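Coordinate inspection notes
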Amino acid sequence: MTTQENNDDRIALLQGTLDLLILKTLIPGPRHGQGVARTIQRQSEDVFLVDHGSLYVALQRLEDKGWIGAKWGVSENNRKARFYSLTPKGRAQLVEKTGEWRRLTRAIGLILDSNDGTQGQEA
Amino acid sequence: MLKRKRSAEDFAEEIKAHLALEADDLQHEGLSKDEAQWKARQQFGNVRAAQERFYMRGRWVGLNKLGRDLRFGLRSLRQSPGFAVTAILTLALGVGANTAVFSVMNAVLLRSLPVSDPSRLVYLRTSNPPRGTGTIDTNKTFSYPVYDALRKHSGGVSPLIAFVPLSGGKVAVRYGSQPEEAEGDMVSGDFFSGLGVNLPLGRGFSEQDETNHAPIAVISYNYWTRRFARNPDILGQTLFVNGVPTTIVGITAEGFEGVEGGSSTDFWIPLQNRPELNAWGNPPDEGKTYINDPTWWCLQLIARLAPDVTRAQASAQLQPVFQRAAYVGLGGTPMEGEKPPVLSFVDAKSFPGSDQMYGNPLRILMAMVGLVLLIAMANVVMLLMARNATRQREFSLRLALGAGRGELFRQLLVESAILVTAGGALAWAFAEMAARLLGRWAQIETSLAPDKTVLLFTLGILVLAALVFGLAPLRVALSGGAELVLKTSAATSNTDAGKSRGGRLIVALQMALCVVLLVGAGLLIRTLQNLENSPLGIRVDGLVVFGVKPNIPSVPEGIAFYRNLIGKLRVLPGVDSATIMESRLGSGWSDNSDMMVDGRLPEVANGTSRTVRSNVAGPDFFRTLGVPVLAGRDFADSDTASSPHAGIINELFAQRFLPHRNPLGHTIGTDDGRYTMTIVGVVKNHKYRSISEEPIPMAWCMYAQIPVIGEMQVEMRVYGEPMAILPVARKVVQQLDPNLPLIQPMTQRAQYDTTISGQTLFARLAGFFGVLAVVLVATGLYGSLAYRVSVRTAEIGVRMAVGARREQVVWMILKDSLLLTVVGVALGIPLALLVGRALATSLYGVKPLDAMSYLIAVAGVAAVALAASALPAGRAASIDPMKALRTE
């Protein structure tokens, strides 16, 4: 059985990323939580296994921050669901976070792609 | 954002919806209904954990936890009410005593004048007055011509303000029909505007008012409250001051009580030139009041430094003006070999005089209550440690069940915060009361109400206490660790805690502090005893004294008034004799000067002072006081303006200035040679100004024979209760003049006692704090020993089971506390020596190394230690070994 603390660690690691992905999936329009989870999983070609519990906590956090809004509604297959949508503030965040993410991945890529560092150390 | 936006139910609802949607999707992908539901749930993971995290999110959690900790803390304190009450009371006494003494110290020594920009205000001081002048204080007072000259010289300071009391004590005032007394000052026109004192009601004075000597008055907020019940209609009403009508035009802001520390002024009027309103209530000297008498230096001056001018620059600018003005009316230049006076400035930010008067005692008291606080805090820490040590199993259990150390710490902090809050609230109430009492005893009239500084001081102590009380037990609480819970026996799990070396050190230190406090208290109480028992040389019981200040148009009329008054008073039933004097005995006031003996200043041995104290007295003076006349006679009714001038001296005058001669018949007189008298009597030395003084040469002249006459003090010897004569005496005085109140009536004993009120207060407080320390140390010692015995119950049971005798057990416990006592005393005595040296100036008739005080202190501490150990030792000895072992 995993302890609560370990769980917390994983969220802390994923936090920024998960927020970014959630915001991104909401661009086309309002979605409910399960829809967000499915979309992320599908678009990442099943690389990400989204922890559903964490997802809902993250959704709540984003809502608390005012980046997304939420409203109870009815899904296509006639089930009651809570629908999330981007707020203007959330849209701005998405742009900023996306930029940050691009810079980060580029920097990491630069380091990983170069092949001098390790050899120098060995010699 | 202040309300929780979403309920936990709503969140649970959403999860339920998610599971349904997911199951729908999975079913769509070909799973059976049951499989789909199972998989949806499995994919979701821990639903409860998600719900918990939802609940824990955000700021509400902290508050929730705090509420829980508070409830828990209160509950656990309620389980041990004895502990809680002791801790709270101890803390309240310790903190309360500190707050009380500090608020007095703050009001008297630290608080600055309640005026605008007090740091630019300075008092003027002179190195010495010119020769041939009379002063109130050789360094602090100036003549009116000096004030006038300095004021006209613009530059350096602006404005220059003069103020002078209308009397050495209180002034006769009347509002409506009943005469009464109040404290009043005459001041410059720019007194209020220059100091920057607010007048929320009415107006202050203008320079015009000073020039015109306008008959107007401003009253203080305190006087307004006390006498007029804050009636705003008082503006425009008439207040008679020494019979002169003045119109009340303003009321000062709350908190302004004049510019002298320790006293409070009730009203102010502009500087006057009428003889009834002379400075200090003196009668005009040959028709001259302070305003046209350059030889009487009686005004105090305060100035505001001009912007961008330093103190040195300003005094340099004023120096030549001052030195010229000082000799106006005195021949213009200093006499041969005379040092001209030098002007200087001192800080007026806080009240300078009060430091001299109260500074040292207050600082020592502050140190004493600081020690009391240390002892009190140490006590509470020990109590907490003992209590939490017995809770070690509880803490271990909670650690084992997964509580974080942070949580334990937070809970201990909350518990200590509860104790500290309760103790602090109690301390504040206690301090407010104590400060008021202190002020009354010390006769400090300034408002002592605690202000923001005091509040901060107290809060500072409390926060410190809360932290110490929270941290101290933490070590004990955590030292057990989670595994301790596995030890099953209460006895074994507590053995380590009982031997805490820290606890023993604290007890020893407490004893040391207790020795210090007891030695200090002992020295001061012995000082007080010496003062109270020192013979006055006067039969003081049965004497009552009051002042009378009639309106005196001429000297013969003044003499007639007093002759009339004495005649009426001495025939009242119950009165043995009645007389008058100018300076009141035991009031601290005296008239000091050099005197001629047989036409010249007497030769004195090197280093001996030539100063003589003189007083003006009425008939039967020494018979009334009960001072024995050693040679010659007392003053009598037959000494009149037309008979030869009679003078009476004391023994010391005769010994010092007329040695080996019969003093009777010699001529003595003022140093300017204007008034002479023949010695007709020699009386025994007695205390004159105060109880603690050394004898000084004295001379008395007869009131009916001198060229000035003003306010007089009436002294009456009565049978029975002295104060009971006052209503009748008041009636007699008011038959002569309905405007006259009896000024400061009191028994002569009470008047003398005012001169040691400082020492009395000091000694009483020191004694009180000494006793408080002893009580605290006793409870602390008892508590820690009792606790140690209780945790050793099993061990003692074993010892007794294997043959230890009761005496051995008792000795084992007693030995422990005796050892602590020895260590404590050994530490305390060197500290006490230091304290004794600091106290040296406050002692009277006791040496700082007074063996008695030390013995009593050590014996006291030892007795307390024994008493506090006796009970636990007795309990240990009565342990039934079988029972002790069976409790496990």
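Residues numbered from 1 in each chain as written. Chains lettered and ligands numbered in written order. Predicted model: local features only at pLDDT ≥ 70, side-chain atom pairs only at ≥ 80, totals over all residues.

1. Points about the overall build of chain A
Check the secondary structure of chain A and you find five helices and three strands. The linear arrangement of helices and strands in chain A, starting from the amino end, is α-β-α-α-β-β-α-α. The burial tally for chain A puts 28% of its 123 residues in the buried class. Partitioning the intrachain contacts of chain A with sequence separation of at least 6 by distance along the chain shows that 47% fall at a separation of at least 24. (Helix = DSSP H or I, 4+ residues; strand = E, 2+ residues; numbered from the N terminus. Buried ≥ 20, exposed ≤ 12 C-beta atoms within 10 Å, placed from the backbone. Contact = placed C-beta atoms within 7 Å.)

2. Some remarks on the environment of B:Leu408
Residues and elements named next belong to chain B. Within the secondary structure layout, Leu 408 lies in helix H13 (residues 405–442). A residue is classified by how many C-beta atoms lie within 10 Å of it, and Leu 408, with 17 of them, is partly exposed. Placed 13 residues apart in sequence, Leu 408 and Phe 395 show a C-alpha to C-alpha distance of 7.6 Å.

3. As for the packing of helix H22 (residues 757–791) of chain B against helix H25 (residues 851–877) of chain B
If you want to describe how two helices pack, look at the angle between their axes and the distance between the axes. All names here are of chain B. Two elements in contact, H22 and H25, have axes whose closest approach is 9 Å; the angle formed by their N-to-C orientations is 25°. As summarised for this structure, H22 and H25 are arranged roughly parallel, according to the angle between their axes. Where H22 crosses over H25, the handedness of that crossing is right-handed. Within the contact between the two elements, H22 uses Val 774, Val 777, Ala 778, Leu 781, Tyr 782, Leu 785, Ala 786 and Val 789 and H25 uses Gly 860, Val 864, Ala 865, Ala 867, Ala 868, Ser 869, Leu 871, Pro 872, Arg 875 and Ala 876. Class assignment for the residues of the contact of H22 with H25 results in 15 nonpolar, two polar and one charged. (Axes fitted to C-alpha atoms, helices over the stretch in contact; angles between N-to-C directions. Parallel < 35°, antiparallel > 145°, perpendicular 65-115°, else oblique. Left-handed = near helix turned anticlockwise from the far one by under 90°. Nonpolar A, V, L, I, M, F, W, Y, C, P; charged D, E, K, R; others polar.)

4. Let's talk about the confidence of the model for chain A
Residue and element names in this part refer to chain A. Per-residue pLDDT for chain A has a mean of 77; in total, 79% of the residues score no lower than 70. Per-element confidence in chain A is highest for strand E3 (residues 80–86), whose mean pLDDT is 91, and lowest for helix H5 (residues 117–122), whose mean pLDDT is 45. Of the regions scoring below 50 in pLDDT, residues 119–123 engages in zero contacts with residues more than four places distant in sequence or in other chains. (pLDDT = per-residue confidence, 0-100.)

5. So, unusual backbone geometry
All names here are of chain B. In this structure, Pro 159 follows Ser 158 across a cis peptide bond, with omega equal to -5°. Here Pro 159 lies in strand E4 (residues 157–165). Notably, Asp 598 is not glycine yet its phi reads approximately 50°, a positive angle. Positive phi outside glycine occurs at Asp 620, with the angle close to 60°. Of note, Asp 620 is situated in the loop between strand E20 (612–617) and helix H18 (621–625).

6. Thoughts on the nonpolar core
Residues and elements named next belong to chain B. Counting residues in hydrophobic clusters, the biggest one holds 122 residues, and the most contacted among them are Ile 161, Leu 299 and Leu 301. Here the element with the most residues in this core is E4; it accounts for six residues. Shared between two domains, this core holds at least three residues of each, these being domain 3 (118–349) and domain 5 (550–739). Contacts of Leu 301, omitting those with residues within four sequence positions, involve Leu 124, Phe 142, Tyr 147, Leu 160, Ile 161 and Ala 162. Residues Ala 92, Leu 518, Leu 523 and Ala 865 belong to the second largest nonpolar core, which totals 106 residues. (Core = buried A, V, L, I, M, F, W, Y, C linked by C-beta atoms within 7 Å. Domains from an automatic or database assignment.)

7. Details of the confidence of the model for chain B
All names here are of chain B. Per-residue confidence for chain B gives a mean pLDDT of 83, with 91% of residues at or over 70. Residue range residues 488–498 is modelled with pLDDT below 50. Its contacts to residues more than four positions away, or to other chains, number 19 contacts. Predicted complex, confidence summary: ipTM 0.79, pTM 0.63.

8. Brief notes about the packing of helix H2 (residues 33–43) of chain A against helix H1 (residues 8–28) of chain B
Axis separation between H2(A) and H1(B) bottoms out at 8 Å; the angle between their running directions is 50°. Considering their axes alone, H2(A) and H1(B) lie oblique with respect to each other. Facing H2(A), whose interface residues are A:Gly33, A:Gln34 and A:Arg38, H1(B) presents B:Glu14, B:His18, B:Leu21, B:Glu22 and B:Asp25. When grouped by side-chain class, the residues that make up the contact of H2(A) with H1(B) number one nonpolar, three polar and four charged.

9. Quick word on the pairing of strand E24 (residues 676–683) of chain B
All names here are of chain B. Where burial is concerned, most of E24 is hidden: six out of the eight residues are buried. Pairing analysis gives three bridges linking strand E21 (residues 629–632) to E24, with the strands arranged antiparallel. Within E24, the position partnered with Ala 631 by the bridge is Val 682. Relative to E24, strand E22 (residues 646–650) is paired through five bridges, and the arrangement is parallel. Note on E24: the bridge partner recorded for Ile 649 is Val 682. Alignment of strand E23 (residues 667–670) against E24, held across three bridges, turns out to be antiparallel. In the strand pairing of E24, Ile 668 is matched with Met 677. Taking the residues between adjacent antiparallel strands as the criterion, E23 and E24 are bridged by five residues, where Gly 673 takes a positive phi near 75°. (Pairing = 2+ DSSP bridges.)

10. Focus on the interface of chain A and chain B
Tallying the contact residues gives 20 residues for chain A and 19 residues for chain B. In terms of residue count, the dominant contributor to the side of chain A that touches chain B is helix H3 (residues 52–65) of chain A (seven residues). Residue composition of the side of chain A that touches chain B, by class: three nonpolar, 10 polar and seven charged.

11. Remarks on the pairing of E3(A)
Residue and element names in this part refer to chain A. Pairing of strand E1 (residues 31–32) with E3 involves two bridges; the strand directions are antiparallel. Opposite Arg 31, over in E3, you have Tyr 84 as the bridge partner. Examined bridge by bridge, strand E2 (residues 68–74) and E3 share seven bridges and lie antiparallel to one another. Bridging across to E3, Trp 72 finds its partner in Arg 82. Between E2 and E3, which pair antiparallel and follow one another directly, the connecting turn spans five residues, one of which, Asn 78, has a positive phi of 65°.

12. A few points about the sheet that holds E3(A)
The three strands lie next to each other as E1-E3-E2 (chain A), forming an open sheet whose pairing is antiparallel. Pairing within the sheet leaves two strands with one partner each, and these edge strands are E1 and E2 of chain A.

13. Topic: helix H2 (residues 33–44) of chain B
Residue and element names in this part refer to chain B. End to end, H2 covers 17 Å across 12 residues, agreeing with the expected 16 Å (1.5 Å per residue, within 8%). Those residues of H2 not exposed but buried are Ala 36, Ala 40 and Phe 44. For H2, the arc enclosing every buried residue in end-on projection is 65°, short of the 170-degree limit, so these residues lie on one face. Residues of H2 that are exposed and point over 90 degrees away from its buried face: Asp 34 and Gln 42. (Expected span 1.5 Å × (residues − 1). Arc of directions from axis to C-beta.)

14. As for the environment of A:Val50
All names here are of chain A. Along the chain, Val 50 turns up in the loop between H2 and H3. Among the residues examined, Val 50 registers 20 C-beta atoms within 10 Å and is labelled buried. Taking the C-alpha atoms as reference points, Val 50 and Arg 38, 12 residues apart in sequence, are found 8.5 Å from one another. Contacts of Val 50, omitting those with residues within four sequence positions, involve Ala 37, Ile 40, Gln 41 and Leu 55.

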